[in-house]
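# A closer look at the structure
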Amino acid sequence: MNLLGKSESINNHEITASENLEQFYQEIEKNNSNLNVFLETDIDNARNMAEKIDSRIKKGEKLGKLAGLVIGVKSNINVEDFHITAASPTLENYMGSYDASVIQRIKEEDGIIIGMTNMDEFAAGSSTETSCFGCTENPSAQGRIPGGSSGGSAAAVAAGFCDLSIGSDTGGSIRNPASHCGVMGFKPTYGVVSRQGLLDLAMSFDQIGPFAADAGGIALMLETIAGFDHKECTTIDWEVPQFTSLIGEDAVNSLKGMKLGIVKQFLEVSDDPIVNIIEESVNKMEEAGAEVVELSFDYIDLCLPTYYLINYVEFFSATRKYDGRKYGHRIEEVCGEEVLRRIHIGSYISQKEYSGKYYKKALQARSLIRREITRLLKGVDAIAGPTVPKLPHKIGNTLKPMEMYAYDTLTVIANLAGIPAASLKAGEVNGIPVGLQFQAKPLEDAKILKLMAAFEKIE
Ligand code: GLN
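Everything in this summary refers to the structure shown in the same document. Residue numbers run consecutively from 1 along every chain, following the written order of its sequence. It should be noted that, the model being predicted, local features are given only for residues of pLDDT at least 70 and side-chain atom pairs only at 80 or more, the latter also being counted only at that level, while totals for whole chains, interfaces and linings use all residues. Excluding hydrogens and water, the side-chain figures rest on all heavy atoms present in the structure.

Moving on, we get to the site of the ligand. Of all residues adjacent to the ligand, which total 16 residues, the nearest are T170, G171, S173, Y307 and R342. Between N or O atoms, a polar contact is any pair within 3.5 Å; within protein, one atom must be a potential hydrogen donor and the other a potential acceptor, and residues adjacent in sequence are included only when both atoms are from side chains. Contacts to the ligand include Y307, whose side-chain N or O atom sits 2.7 Å from an oxygen atom. Only the protein chains shown count as covering a residue, and every accessible area follows the Shrake-Rupley method with a 1.4 Å probe. Here the ligand has 290 Å² of accessible area as a free molecule, and 99% of this is covered by the chains. Using a 1 Å grid laid over the protein atoms alone, points where a 1.4 Å probe fits but cannot get out form a cavity; open sets with protein on both sides within 12 Å along at least 5 of 7 lines form a pocket; any residue with an atom within 4 Å of a point counts as lining. Those molecules having more than half of their atoms within 2 Å of a cavity or pocket grid point set are described as sitting in that cavity or pocket. When each cavity is represented as a set of grid points, the ligand is found to reside in the largest cavity. Among the elements that make up the shell around the ligand, the one with the highest residue count is helix α10 (residues 300-319) (3 residues). Classifying every residue of the shell around the ligand by side-chain character gives 5 nonpolar, 8 polar and 3 charged. The nearness test applies per residue and asks whether one of its heavy atoms lies within 4 Å of the molecule or strand. Think of it this way: any DSSP run of H or I at least four residues long counts as a helix, any run of E at least two long counts as a strand, and we number them from the N terminus. Under the convention adopted here, Pro, Cys and the residues Ala, Val, Leu, Ile, Met, Phe, Trp and Tyr are nonpolar, Asp, Glu, Lys and Arg are charged, and Gly plus all remaining residues are polar.

Shown next as C-alpha cells:
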C-alpha cells in the first residue's frame, strides 16, 4: 500500500496506529542489531502516542497529516529526551532538551517518532562508516555501505523499520544514501525547511529533508516540514504548495511537455553500468511524453574543491562551541579522523584568509557554479541524471579521502546553488540500487515531486 493510502486507512480506522507501530517494531527487534540503523528507540513513548492517536480517531477527532505514521530521525536533529550525538563521542552524553522546528511540526501532525538513526560523525561523510557507533549495513545491498551521511535514515526506510525518516543534506547526504539504499530522498530548496535545531555541518549548505519509499510519503513529509519559521532567519516566506495534491493516478501525464536536460559531463564522470540505467530511465520518460535536450556544464571539476573548501571553513567555525565546557568533551580530543581533518584544514584556511587566498576564491567559484546552473535550468523544467557516479563499496574496504569525496561529485552542485534536488531508484546493477537525480530551479520543489510521482508510475 502506498503511504497516502495507509495514512487514509489509519484515519478511517481500518488499520490502527498501534498495529502499524508494532509491525515496524517487530522488524526493528529482528534486524536492527545486524543492520545498526537505529542508535536509540523509545518504544514505550511511541506506544503511548499510538494509543492516544487511536482513541482520538475512535472519538471522531480530526488528526494531523502524519497521524499514526512511524518516523525515524537523523541523530543530528534535536528531539527532546533522545540522545543527540551526531554519532560523535563529543556529544555522547548530550540529551536533546528541546524539539527542532521540524520535530515540532511532525508532532503537531501526529507523527510518531520511534528513534534516532545512525550517520557519519557530524554528517561529515558519504558512507556512515565514520559513526562512532560503527557503520550501518545497506539493507538493499548486503555487506555494502548504505551511503551517507544520513545512512541510517535511508536504511531505516529500506529495511522497513518506519514509514518515513528525515535527514540532512549538506553536499548530498540525503540523496546519496537514498540512491544506494534504493529509496526516495529529497533535498528542498535552501530556505524551504527550517534548520533550527539541526547541528550544523556547513550552515550555508545544510537542509533537512525526507526519505520515503514512495512519492506520496515524500509529499506528506514535505508538506509538514516546509515553510517559514520565525525562529530561523534563512527560511523563505512563501506559499508552500500542497505537495500531496500532486500525487494522483494521472501523475504520469505531467511528463507530457516537460523539458528535461541531460548534462553530458554528469554521465562522463559516472561508471558505465550507472549511465546505462540512467539512459534507460530517460528513454522511458521520453516515451511518456517528456522532451529531452542535451546540456553542457563546464565547471564539473570545480565543484568538489569549492564545496569542500567552504565546508571546512564553516564546519571549523561551527565546532568552536564543542570546547568541552558545555558538552563535556573537547571535540579535537575525541573525534574521528575525518572530523579532525576538517577542523585542521578549516582552521588553517581561516588563518590564511586575510590574503583572500582560499575562502574568497571558493566563494567566487560558488557564484560561477550557481550562475552556470541557473543558466542551464533556464531552458528546461529539470535536469535529470545520476545521483552518485559510483556504486556503494563493501564495508571494510578503506577508501582514501579523495575517493570518498568523489561520491559527492554530482550532489554538491545543488547545495552550492541552493536548488532543490531529489533521488529515486532507477534500477539495479547486480542487485545494487542505482539512483536517478532530478534538479530544478529554486522553489520549484513541486516540479521535482511531480517528476518523482510520474517516474514511479512508469517504472
Ligand atoms: N559527503 C559530503 C561531506 O562529507 C556531504 C555530507 C552531507 O551532505 N552532510 O561533506
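Having seen the structure, we can now continue with the description.
On to the packing of aromatic side chains. Note on aromatic contacts: the rings of Phe and Tyr and the six-membered ring of Trp form a pair at centre separations within 6.5 Å, being stacked when their planes are under 30 degrees apart, edge-to-face when over 60 apart, and tilted otherwise. One pass over the full model with this rule turns up 12 aromatic pairs. Look at F38 and F161: their rings are 6.3 Å apart centre to centre, the planes differ by 20°, and that puts the pair in the stacked class. Remark: F161 occurs in the loop between α5 (151-158) and β4 (164-169) and F38 occurs in strand β1 (residues 38-41); sequence separation between them is 123 residues. Consider the rings of Y308 and Y312, whose centres lie 6.1 Å apart with planes at 55°: the pair is tilted.

Here the focus is the pattern of salt bridges. Pairing is possible between side chains of opposite charge, provided their charged atoms come close. Criterion for a salt bridge: a side-chain nitrogen of Lys or Arg within 4 Å of a carboxyl oxygen of Asp or Glu. Under the criterion given, the structure shown has 23 salt bridges. The partner of D200 in a salt bridge is R195, and the shortest N-O contact between them spans 3.5 Å. Partly exposed describes any residue whose relative accessible area lies between the buried limit of under 20% and the exposed limit of over 50%, with all areas from a 1.4 Å probe on protein chains only and scaled to the type maximum. A relative accessible area of 7% places R195 in the buried class. With its nearest N and O atoms 3.2 Å apart, the salt bridge here joins R330 to E333. For R330, a relative accessible area of 37% corresponds to the partly exposed category. If you follow the salt bridges from partner to partner, you end up with R320, R330, E332 and E333 in one network.

Looking now at helix α3 (residues 43-58). The span one expects for a helix is its residue count, reduced by one, times 1.5 Å. Along its 16 residues, α3 runs 22 Å from first to last C-alpha, staying within 8% of the 22 Å computed at 1.5 Å per residue. Considered for burial, the residues of α3 that qualify are I43, A46, A50, I53, D54 and I57. Down the axis of α3, the buried side of the element spans an arc of 100°, and every buried residue falls inside it. Counted as exposed and oriented over 90 degrees from the buried face of α3: D44 and K52. The contact rule is simple, with two residues in contact once any of their heavy atoms fall within 4.5 Å. Considering only its buried residues, α3 is in contact with α1 (3-11), α2 (17-35), β1 and β3 (112-117). Regarding α3, its N-cap is D42, as a side-chain oxygen of that residue lies 3.4 Å from the backbone nitrogen of D44 further along. For this quantity, the arc is that covered by the directions from the helix axis to the C-beta atoms.

Between N-to-C directions, angles span 0 to 180 degrees; the directions come from axes that are lines fitted to C-alpha atoms, helices contributing only their stretch in contact. Between helix α4 (residues 101-108) and helix α7 (residues 215-225), the shortest axis-to-axis distance is 8 Å and the interhelical angle comes to 115°. Viewed along their axes, α4 and α7 adopt a mutual orientation that is roughly perpendicular. Our pair here, α4 against α7, has a crossing hand that is right-handed. Touching V102, R105 and I106 of α4 are M221, T224 and I225, all from α7. Put simply, angles under 35 degrees are roughly parallel, angles over 145 are roughly antiparallel, angles from 65 to 115 are roughly perpendicular, and the rest are oblique. Working rule for handedness: look at the near helix, and if it is turned counterclockwise from the far one by less than a right angle, call the crossing left-handed; if clockwise, right-handed.

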